[in-house]
Amino acid sequence: MKLIFLGSSFSIVWYMRRHKIVRRSYDRDQDTFRYTFLMFPCLIFAIFINEKFTFKEVMWTFSVYLEAVAILPQLVLLQRTRNIDNLTGQYVFLLGAYRAFYILNWIYRYFTEDHYVHWITWIAGLIQTMLYGDFFYYYFQSWKNNVKLELPA
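Along each chain, the written sequence defines residue order, and numbers are assigned to residues from 1. Predicted model: local features are reported for residues with pLDDT of at least 70 only, side-chain atom pairs are reported and counted for 80 or more only, and whole-chain, interface and lining totals are derived from all residues. Hydrogens and water are ignored here; the side-chain numbers use all heavy atoms of the structure.

Colleague: Before we move on, could you go through the UniProt feature "transmembrane region" (unreviewed entry) in the protein and cite the residues and values that matter?
Modeller: UniProt positions are given in the numbering used here, feature names are shortened, and annotations may be inferred rather than shown by experiment. Sequence positions flagged by UniProt for "transmembrane region" (unreviewed entry) are, in local numbering, residues 32-50, 62-79, 91-108 and 120-140. Strands are runs of DSSP state E lasting at least two residues, helices are runs of H or I lasting at least four, and both sets are numbered from the N terminus onward. Helix makes up 68% of residues 32-50 and strand makes up 0%, while its end C-alpha atoms are separated by 31 Å. Helix makes up 89% of residues 62-79 and strand 0%, whereas the separation of the span's terminal C-alpha atoms amounts to 27 Å.

This is the structure we're talking about:
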C-alpha cells in the first residue's frame, strides 16, 4: 500500500511540473514560499523530539512533523492570490476535515483501547488542524452566505 501511495504522490508531482495545462495555470511569481523553512526545523525537531532514537523512528517522526505543516505553502498561496476556485477550496477543506476526523478517531481510541497514547502524532495533528482553522472559518462563511470563497489580504 505504501508503494501505491508513494507512486501516486510522485506521479502527481510529475504531472504538476511537466503537464502543459497545469504549468500554464501555475503562477511562479505568487508561489514564493521557501519550503526549506519547513523541512529543516521539522528535521531538527525529529532528531531531538522522538520516542526512540533510531534512523527509522527519526524519519517517521520527521514525516509526521512535516505533514503537520505541509499545507502552509498552499494556504499562503491561496491568501496571496485570493482567487480560490471551487475545486481548490473544497480540496483544502477536505484535507483539513480529514485531519479533524483523525482527531475524533484518536479520542475514541484513547477511551476504548488500553495504553493508547501517541503524543507526537496527537500534537502534530492538533497543530495541523489549527493551521486550517482560519481557512475553515472563511470556507463556512462563504458557504453560509452563498458567495465565492475569498481570503482576506
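The discussion continues.
Colleague: Explain the side chain of Thr121 to me, using residue names and the numbers behind them.
Modeller: Position of Thr121 relative to the elements: it lies in helix 7 (residues 119-145). In what follows, residue pairs with any heavy atoms lying within 4.5 Å of each other are defined as contacts. Among all residues touching Thr121, those that are not within four sequence positions of it are Trp60, Val64 and Trp106.

Colleague: Would you mind going over unusual backbone geometry in detail, with residue names and values included?
Modeller: Phi at His115 is positive, roughly 60°, even though this residue is not glycine. Along the polypeptide, His115 turns up in the loop between helix 6 (86-112) and helix 7. Of note, Asn146 is a non-glycine position whose phi angle comes to about 55°, a positive value. Structurally, the position occupied by Asn146 is in the segment after helix 7.

Colleague: Which residues make up the packing of helix 3 (residues 36-48) against helix 4 (residues 55-69), and what values do they have?
Modeller: Between two packed helices, the angle of one axis relative to the other and the distance separating the axes together describe the packing. Packing of helix 3 against helix 4 leaves a shortest axis separation of 8 Å and a crossing angle of 140°. Judged by the inter-axis angle, helix 3 sits oblique to helix 4. Crossing of helix 3 over helix 4 shows right-handed handedness. Of the residues in helix 4, those in contact with Leu38, Met39, Cys42, Leu43, Phe45, Ala46 and Ile47 of helix 3 are Val58, Met59, Thr61, Phe62, Tyr65, Leu66 and Val69. Side-chain classes are defined by residue name, with Ala, Val, Leu, Ile, Met, Phe, Trp, Tyr, Cys and Pro counting as nonpolar, Asp, Glu, Lys and Arg as charged, and the others, Gly among them, as polar. Of the residues belonging to the contact of helix 3 with helix 4, the class tally is 13 nonpolar, one polar and no charged. To obtain an axis, a line is fitted to C-alpha atoms, over the contacting stretch when the element is a helix, and the angle between two such axes runs from 0 to 180 degrees between their N-to-C directions. Our angle categories are set so that under 35 degrees counts as roughly parallel, over 145 as roughly antiparallel, 65 to 115 as roughly perpendicular, and the remainder as oblique. The sense of a crossing depends on the near helix, which, turned anticlockwise from the far helix by less than a right angle, makes the crossing left-handed and, turned clockwise, makes it right-handed.

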